[in-house]
Amino acid sequence: MASLKTPTLKTPSFALSSKPRLPSAFSAAFPNTARFSRSYPQRRRFLIVTASSSSFSNKPTVLVAEKLGEAGLTLLQEFANVDCSYNLSPEELCTKISLCDALIVRSGTKVNREVFESSGGRLKVVGRAGVGIDNVDLSAATEHGCLVVNAPTANTVAAAEHGIALLAAMARNVAQADASVKAGKWQRNKYVGVSLVGKTLAVLGFGKVGSEVARRAKGLGMHVIAHDPYAPADRARAIGVELVSFDEAIATADFISLHMPLTPATNKMLNDETFAKMKKGVRIVNVARGGVIDEEALVRALDAGIVAQAALDVFSEEPPKHDSKLVQHERVTVTPHLGASTMEAQEGVAIEIAEAVVGALKGELAATAVNAPMVPAEVLTELKPYVELAEKLGRLAVQLVAGGSGVKTVKVSYASSRAPDDLDTRLLRAMITKGIIEPISSVFVNLVNADYTAKQRGLRITEERILLDGSPESPLESIQVQIANVESKFASAMSESGEIKVEGRVKDGIPHLTKVGSFEVDVSLEGSIILCRQVDQPGMIGTVGSILGEENVNVSFMSVGRVAPRKHAVMAIGVDDQPSKETLKRIGEVPAIEEFVFLKL
């Protein structure tokens, strides 16, 4: 075992105030007059807006493929030749893109791999005028050296205001009463509403929009609670909002307002099981993403009277089918994804995306970048298994945090024989940040935006270098991740000093988990993991293995760490498949098992 020398501690700066230059792969290419003249095919659907022809030789070209506010266009025209060509077919976009240095789209244009291939390497930045980037192939963009930026902040107030508008309209049956009067009826008794004052509103997702909804709801006299694993407690207190667990939020709320992104963790988060836990007569507002609600389950909950009313701006399929039972339900108020549709928000998005695109073409690194710059092949090859280890340790650690706890402070320790100058940990830190944040966030975390994203969420990550004696052939001996000031859903993961602690290393090119809390284990980080704390006694491995085998769940690795013979032990089990709830329940019912947790990688 390598001996330990004096550790050195450094805390990274999260600010991007210095505006570092982009790598050469992102430098702007400038069109010459001959090439630019080819960008005017005979067929044209909309007017092309460009700068004067005398400036073609020294300005980049920006293709605006969907309508953008005038303020954004003005900013672009001060720096670039702007080609506004709307409603392009995929073929037309691929033909035109080879003559453009930047592309700006909204949600209606698919920027797929073929677009990047057709650009011939000239396309340097894609700007998404909005938050979601589902229509942009990030992998292809990175492979072709193209930066992708979005506009995540300009829509905040508009979305919050629309959420409050739906909340009030739903409570007072505004849409239904309006339709009734226009149909020649006068049904005052039918459309008696409910008051908002004194009612409890649960805000699920306490980010930018969620916190703005909370501010406005407080002004209406509502009691506001919120659930968000990453919400800073001081920000919640400043607004007068109580942070609670997910189960407590849905069980006590009179109104629920959804503001979480659509991720694998939040997909159909509101379903038959969660509706059953809600207070009867709850009212639900969704201006986030349609997929966070199981729409068929919502119809059942409405029919059963569990949910009194719903107000929806978003749907899993947009536009929804005309005969949708949910859309046609008498107690459902719907709007066609209008959350960001105010004149002010549209102009704000236009300015934000124009500034990001111009900055990228100038060589500045935008804080709203959503993909990573190209990493030198030799560095990536050496760090590849450690990059995977770092992300999975982050994912493991955050899944061990109890639901009501907010993640604020993370400490990462790297044990290595290499000198500090010979080991750049930025990529590893970015991947740990990715593992911690991405499972319940719409942000794509990478080397470009990791520190910025962490700062935005009040997450402070410090790094410690532990210098070891020995050969510096491999870059790292181990990585340890600690999360402080939280509760754990698996008590054995807590270190003696009170932090959740996981540690891992790379063996034969494969990431392994080697420590949980104070228990030594050795399990490959492939598939998923079951952690069990048990009384150390004969037959435990066979008992748990038999339960998994009976359910056709394949065990890839199994390791047991203990404090002393016949005392307590932690068993780490790697599984290829996700066990059913019944299987996990059977494991938990084994008398000698004191606690267990299933962790998905």
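Residues numbered from 1 in each chain as written. Predicted model: local features only at pLDDT ≥ 70, side-chain atom pairs only at ≥ 80, totals over all residues. Heavy atoms only, no water.

**Q** Can you walk me through the overall build of the protein in this structure?
**A** Within the protein one finds 19 helices and 23 strands. Taken across its 601 residues, the protein has 52% of its residues classed as buried. For the protein, long-range pairs separated by at least 24 residues make up 69% of all intrachain contacts whose partners lie at least 6 apart in sequence. Of the roughly 27,000 Å² that the protein leaves accessible, carbon and sulfur atoms contribute 52%. (Helix = DSSP H or I, 4+ residues; strand = E, 2+ residues; numbered from the N terminus. Buried < 20%, exposed > 50% of the residue type's maximum accessible area, 1.4 Å probe, protein only. Contact = heavy atoms within 4.5 Å. Areas by Shrake-Rupley, 256 points an atom, 1.4 Å probe, with all protein chains shown as cover.)

**Q** How do you make sense of the side chain of His162 when you look at a structure like this?
**A** Locating His162 in the fold gives a position in helix α6 (residues 156–171). Side-chain polar atoms of His162 contact the side chain of Thr335, separated by 3.1 Å. Apart from residues lying up to four places away in sequence, His162 is in contact with Val287, Asp313, Thr335, Leu338 and Gly339. (Polar contact = N/O pair within 3.5 Å; in protein donor to acceptor, adjacent residues only side chain to side chain.)

**Q** I'm lost on the packing of helix α2 (residues 70–77) against helix α14 (residues 343–361) in this one. Help?
**A** Any two packed helices are characterised by how steeply their axes cross, that is the angle between the axes, and by the distance between the axes. Viewed as axis vectors pointing N to C, α2 and α14 meet at an angle of 20°, and their least axial separation amounts to 7 Å. Between α2 and α14, the angle is such that the two are roughly parallel. For the element pair α2 and α14, the recorded crossing hand is right-handed. Contact with α2, carried on its side by Glu70, Ala71, Gly72, Leu75 and Leu76, involves Glu347, Ala350, Ile351, Ala354, Glu355, Val357 and Val358 of α14 and no other residues of that element. (Axes fitted to C-alpha atoms, helices over the stretch in contact; angles between N-to-C directions. Parallel < 35°, antiparallel > 145°, perpendicular 65-115°, else oblique. Left-handed = near helix turned anticlockwise from the far one by under 90°.)

**Q** Looking at this structure, I do not really get α6. What am I missing?
**A** Two residues of an α-helix separated by three or four positions point the same way, owing to the 3.6 residues in each turn. Spanning 16 residues, α6 covers 23 Å between terminal C-alpha atoms, matching the ideal 22 Å at 1.5 Å per step. α6 sits mainly inside the fold: twelve of its 16 residues count as buried. Of the positions making up α6, those classed as buried are Thr156, Ala158, Ala159, Ala160, His162, Gly163, Ile164, Leu166, Leu167, Ala169, Met170 and Ala171. Backbone geometry just after α6 places Asn173 at a positive phi near 55°. (Expected span 1.5 Å × (residues − 1).)

**Q** Explain the pairing of strand β11 (residues 282–286) here, please?
**A** Extensive coverage of β11 is indicated by the burial of five of its five residues. With burial as the criterion, each face of β11 is covered, one bearing Val282, Ile284 and Asn286 and the other bearing Arg283 and Val285. Relative to β11, strand β10 (residues 255–258) is paired through four bridges, and the arrangement is parallel. By the bridge assignment for β11, Ile256 is matched with Ile284. Pairing geometry for β11 and strand β12 (residues 307–312), over five bridges, is parallel. (Pairing = 2+ DSSP bridges.)

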